[in-house]
Amino acid sequence: MLAIERTDPATGEARDALVADDAAAVARKYEAARAAQPAWAARPFAERLACIERFRDLLAERRDGLAAIQSKETGKPIKQARGEVGATPGRLDWFIQQAEAMLAPSTRLDTPGLTEKVTWEALGVVVNVSAWNYPWFVGTNVYVPALLAGNAVLYKPSELAVDVGLSMGQLLHEAGVPADVFQVVVGGGATGAALLELPIDGVFFTGSHATGVKIAQAAAAQLIPVQLELGGKDPAYAADDVDPKATAEGLADGAFYNAGQSCCAVERIYVHEAIYGPFVEAFAAAVDGFVMGDPAHEDTYLGPLTRAAQIPVIEAQVADAVAKGAKVLRGGHRLDKPGAWFAPTVLIDVDHTMEVMREESFGPVIGIQKVSGDAEAVKLMNDTAYGLTAAVYTHDLARAQGILGALDTGTAYWNCCDRVSPRLEWTGRGHSGVGSTLGEVGIRAFVRPRAWHLRAPQG
Ligand code: NAD
C-alpha cells in the first residue's frame, strides 16, 4: 500500500496518512475511463456543455466552503483562496462560450466534385498531472476543455492538494459528468509515474521543470501528445520614466502574492539607475506592510509555504547570494516557529553569478538589480533557461514592445505582471514548457483532426 504522510503547513502538525492509488488501482481507474469514454464523446456537445455550466454554477455557489478546504490544506491565505475559487467560474466562461465553435467541423473546399473538410475528435483517455499552488486554475485549464471535447480524464492532483482535487471530482459528478469519465487519482510521484505506463492518449502536466522532463521522457515511449506547463524565473523591468512608488508596490504584490508560489510570480527585478533609490525604498515599505500569519485570518497576506521542502532551497539561494556580495534588505531567514514559514526576503546588490537571479525560487524572495538602461535590462532578462512571462514598466508603449519583443518569453506584460487571462494562450518557452493552455490553442489541444477528402461519384 502506498501512503503519504500529510502535514499542516501552517502548524507543522501531522494530519493523516493518505492512502495513495498504487499501480493496480491506477490501472483499474484507467480501464473504467477507457470503457466510458466513447459514450461520453458520442453525447451531443450540448449535453457535455450543460454539465460544465452546472459545474461552473456549483463552484460559484460553494465558493466559500471550497476556499476553506484549499486554505486549510495548502496554507494559502483564505482571501487569496477565495479569490482563486471565485475567479474560476469566470475563466470557465471562456471555454463555455468558445468550445463549440473551436470544435466544429470546418469545410476548407466545397466544389461540385470535391469537398475537403476537417472534423475534430477527442484524444481519448487523457491524464492530467497537476500542481498544488493554484489547483483550481491549473486543473480546470486542462480538464474542462478536455471534457468538453469528449475525453475521459484521469486527474492526479498534487499530493499537497488532494482534498481540493477530491472536491473537484465531487462537484463535476454532481454536475452530471459520469463518475468514470472524470476520476481523481490520489498519490504522489510514484502514482503519477504509474499513470504514464498505461496506454493513455495524452498527458497534460503542470509542475516543475525537473518532473516535466520525466513526463516527456515517459510519454515519448508512447508517442502521445504532451503538454508541459512548467516553472519560471520571471523578470520585470522598471524603466526611468515610471513612478517608482506605484511601480514598486505593483511589483511587490507580483513577487509576494501567494508567498511567491506562482508560476508567473515576479522572481527578479531590474530597475533603471535613475529611479533605483526611491524604487528600493518604496519596495521595502510595501513589504513591511504585508501581514504574515494564520492563513485562516481575513487580513493575512502571507501564509506559510505549502511545500516545506522548498525552504532549504530558498535558504541555499540566499546563502549563495550573500556569499557573493548581496545585501539582505528584508527577511532572509525561516521563522522560528513550527510550520513552513519563511520571512519575505528582499535582496539587493545582486548579480547574475547568483542562483537567486537565474534559478526558480518559488517562495517569498526577490532580487532587485540596478541597470544602466534598456539594453542591459534585455540582456539580463534573457539570461535564464526559463521563458514564461516578462514585464516592462514604462509610459512608452513602443519602448515596451521593443524590449518585450527581444525577450524569449511566452507572455509579455506592459505595466502589469502576475496576470493570466482565459482569452490568451498560456505558454512557456525553454524550461517553462511546451504547448498552451487557455486561449484557442488551449481548446484545440484536446482533439486531433481528421481530414476528409470527399469526391463525388464519377459517371
Ligand atoms: P512537481 O513537479 O513537484 O509536481 C507536480 C506533479 O507531478 C505532482 O502532482 C506530482 O505528484 C507529480 N509527479 C512528481 N513526480 C512525478 C513522476 N515521476 N511522474 C509523474 N508525476 C510526477 O511540482 P509542484 O511542486 O507540484 O508545482 C510547483 C511547480 O509547478 C513550480 O515549478 C511552478 O512554477 C510550476 N507551475 C507552473 C505553472 C504553469 O502554468 N506554467 C502553473 C503552476 C505551477
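Residues numbered from 1 in each chain as written. Predicted model: local features only at pLDDT ≥ 70, side-chain atom pairs only at ≥ 80, totals over all residues. Heavy atoms only, no water.

**Focus: the site of the ligand**
What counts, and what does not: Put simply, a residue is near a molecule or strand once any heavy atom of it comes within 4 Å of that molecule or strand. As used in this structure description, the phrase polar contact means that two N or O atoms lie within 3.5 Å; if the pair is within protein, one of them must be able to donate a hydrogen and the other to accept it, and residues adjacent in sequence are counted only when both atoms belong to side chains. Here the open area of atoms and residues is found with the Shrake-Rupley method and a 1.4 Å probe, where only the protein chains shown may cover a residue. Secondary structure elements are defined from DSSP: runs of H or I of at least 4 residues count as helices, runs of E of at least 2 residues count as strands, and each element is numbered from the N terminus. Nonpolar residues are Ala, Val, Leu, Ile, Met, Phe, Trp, Tyr, Cys and Pro. Charged residues are Asp, Glu, Lys and Arg, and all others, Gly as well, are polar. Domain extents, as shown, originate in an automatic or database domain assignment.
Looking at the ligand, there are 30 residues lining it, with Glu159, Ser208, Thr211, Leu230 and Glu360 nearest. One of the side-chain N or O atoms of Glu360 is found 2.7 Å from an oxygen atom in the ligand. About the coverage of the ligand: the protein hides 90% of its 860 Å² of free accessible area. Of all the secondary structure elements, the ones that give two or more residues to the shell around the ligand are α7 (189–195), β8 (202–206) and α8 (209–220). In the shell around the ligand, the residues fall into 13 nonpolar, 11 polar and 6 charged. Counting contributing residues per domain, the shell around the ligand is built from domain 1 (2–230 + 432–453) and domain 2 (234–414), each supplying no fewer than three.

**Some points on the domain arrangement of the protein**
The extent of an interface is frequently quoted as the accessible surface area lost upon association of the parts. Short version of the rule: Buried area: the accessible surface (1.4 Å probe) lost by two parts on joining, summed over both. Any Lys or Arg side-chain nitrogen located within 4 Å of an Asp or Glu carboxyl oxygen qualifies as a salt bridge.
Under the domain assignment, the protein is made up of domain 1 (2–230 + 432–453) and domain 2 (234–414). Placing a centre on the C-alpha atoms of domain 1 and another on those of domain 2 gives a separation of 31 Å. Summing both partners gives a buried area of about 2000 Å² for domain 1 against domain 2, and 54% of it is carried by carbon and sulfur. The three residues of domain 1 that bury the most area against domain 2 are Gln80, Trp132 and Ser432, which together make up 29% of that side's buried surface. The interface formed by domain 1 and domain 2 holds 1 salt bridge in total. Across the pair Arg82 and Glu298 runs a salt bridge, and its minimum N-O distance is 2.6 Å. Counting the contacts that link domain 1 with domain 2 gives 12 residue pairs in polar contact (both at pLDDT 80 or more). Breaking the side of domain 1 that touches domain 2 down by element, the ones donating at least two residues are α3 (63–74) and α4 (78–103). Per-element accounting of the side of domain 1 that touches domain 2 gives the leading share, 4 residues, to α4.

**Examining the nonpolar core**
Under the convention used in this document: For this analysis, a nonpolar core means a set of buried residues of the types Ala, Val, Leu, Ile, Met, Phe, Trp, Tyr and Cys, connected via side-chain atoms within 4.5 Å. Partly exposed residues are those whose accessible area sits between 20% and 50% of the maximum for their type, while under 20% is buried and over 50% is exposed, using a 1.4 Å probe and protein chains only. Here a residue-residue contact requires only that any non-hydrogen atoms of the pair lie within 4.5 Å.
Membership of the largest hydrophobic core comes to 120 residues, with the highest contact counts inside it found for Phe55, Trp136, Tyr143, Leu147, Phe256, Phe283 and Ile368. Per-element accounting of this core gives the leading share, 10 residues, to α4. Setting aside anything within four residues of it in sequence, one finds Tyr143 in contact with Phe55, Asn128, Trp136, Val153, Tyr155, Met168, Leu172 and Phe182. Ranked by size, the runner-up nonpolar core spans 20 residues in total, among them Val26, Tyr30, Val127 and Ile200.

**A word on the pairing of strand β17 (residues 411–414)**
Put simply, the test is: Paired strands, as defined in this entry, are two strands with at least two bridges between them according to DSSP. With the strands pointing away from the viewer, any crossover whose connection runs clockwise from the first strand over the helix to the second is right-handed.
Judged by which residues are buried, β17 turns out to be one-sided: Thr411 and Tyr413 face inward and are buried, whereas Ala412 and Trp414, on the alternate face, are not. Here 4 bridges tie strand β16 (residues 389–393) to β17, and the two strands are oriented parallel to one another. Bridge assignment links Thr389 to a residue of β17, and that residue is Thr411. Read from β16 through helix α13 (residues 397–405) to β17, the crossover connection turns out right-handed.

**A few points about the packing of aromatic side chains**
So the rule is basically this: Aromatic rings from Phe, Tyr and Trp, with only the six-membered ring used for Trp, were paired whenever their centres fell within 6.5 Å, and each pair was classed as stacked if the ring planes differed by under 30 degrees, edge-to-face if by over 60, and tilted otherwise. Placement of a charge over a ring requires the Lys NZ or Arg CZ to be within 6 Å of the ring centre, with the centre-to-atom vector within 35 degrees of the ring normal.
This structure, assessed with the given rule, holds 12 aromatic pairs. Note on Tyr143 and Phe182: the rings are 4.8 Å apart at their centroids and 65 degrees apart in plane angle, and the pair reads as edge-to-face. Here Phe182 lies in strand β7 (residues 182–184) and Tyr143 lies in helix α5 (residues 135–148), a separation of 39 residues in the sequence. In this structure Tyr143 comes out as buried when scored by relative accessible area, which is 0%. Note on Phe182: relative accessible area 0%, which makes it buried. In textbook terms, an aromatic cluster arises when at least three aromatic residues are bridged by ring pairs, as seen for Phe256, Tyr257, Phe279, Phe283, Phe290 and Tyr301. In this arrangement the basic side chain of Arg91 is found over the ring face of Phe137, its NZ or CZ atom lying 4.0 Å from the centre. Here the guanidinium or amino end of Lys117 rests over the ring plane of Trp452, the centre of that ring lying 5.9 Å away.

**Some remarks on the confidence of the model for the protein**
Put simply, the test is: In predicted models, pLDDT denotes the confidence assigned by the predictor to each residue on a 0 to 100 scale.
For the protein, the mean per-residue pLDDT works out to 97, and 100% of the residues sit at or above 70. Averaged over each element, pLDDT in the protein is lowest for strand β1 (residues 2–7) (88) and highest for strand β6 (residues 152–156) (99).

**Comments concerning the sheet that holds strand β14 (residues 365–371)**
Operational definition: Lines are fitted to the C-alpha atoms to define the axes, a helix being fitted only along its stretch in contact, and any angle between axes, read from their N-to-C directions, falls within 0 to 180 degrees.
Spatially, 7 strands are ordered β12-β13-β14-β11-β10-β16-β17 in an open sheet, and the strand pairing comes out mixed. Each edge of the open sheet is held by one strand with a lone partner, namely β12 (327–330) and β17. For this sheet, the mean inter-axis angle between neighbouring strands, taken without regard to orientation, is 20 degrees. When strand β10 (residues 234–238) meets strand β11 (residues 266–272), the two strands line up parallel, connected through 5 bridges. Counted as the bridge partner of Asp234 is Val266 from β11. Each of β10, β11, β13 (345–348), β14 and β16 touches helix α9 (residues 244–256); the most contacted strand, β11, lies at about 160 degrees to it. Here helix α11 (residues 310–323) sits on the sheet in contact with β12, β13 and β14, set at roughly 25 degrees to β13.

**Considering the environment of Leu388**
Within the element layout of this structure, Leu388 appears in the loop between β15 (386–387) and β16. Spatially, the C-alpha atoms of Leu388 and Cys264 are 6.8 Å apart, while their sequence positions differ by 124 residues.

**A word on the side chain of Thr389**
By the secondary structure assignment, Thr389 is in strand β16. Leave out the neighbours within four places in its chain, and Thr389 touches Asp234, Pro235, Cys264, Thr409, Thr411, Tyr413 and Trp426.

**Observations concerning the pattern of salt bridges**
A side chain of one charge can pair with a side chain of the opposite charge if their charged atoms are brought near each other. What the rule picks out here adds up to 27 salt bridges. Close ionic contact of Arg6 with Asp16 constitutes a salt bridge, the shortest N to O distance being 2.8 Å. Taken as a pair, Arg6 in strand β1 and Asp16 in strand β2 (residues 14–20) lie far apart in primary sequence, 10 residues in all. Linked through salt bridges whose partners overlap, the residues forming this network are Arg6, Arg15, Asp16, Glu73 and Asp163.

**Observations concerning the layout of surface pockets**
Short version of the rule: A pocket here means an open set of points on a 1 Å grid, computed over the protein atoms alone, that has protein on both sides within 12 Å along at least five of seven lines. A cavity is instead a set of points where a 1.4 Å probe fits but cannot get out; residues with an atom within 4 Å of a point line either one. Grid points are joined across faces, edges and corners, and a volume is the space filled by probe spheres set on the points.
Of the pockets and cavities examined, the second largest pocket occupies roughly 250 Å³. Around the second largest pocket, the lining is made up of 16 residues, and of these Arg6, Thr7, Pro9, Leu160 and Thr306 lie nearest the centre. Among the elements that take part in the lining of the second largest pocket, β1 stands out by supplying 4 residues, more than any other. Residues of the lining of the second largest pocket, tallied by class, amount to 5 nonpolar, 4 polar and 7 charged. Taken domain by domain, the lining of the second largest pocket gets at least three of its residues from each of domain 1 (2–230 + 432–453) and domain 2 (234–414).

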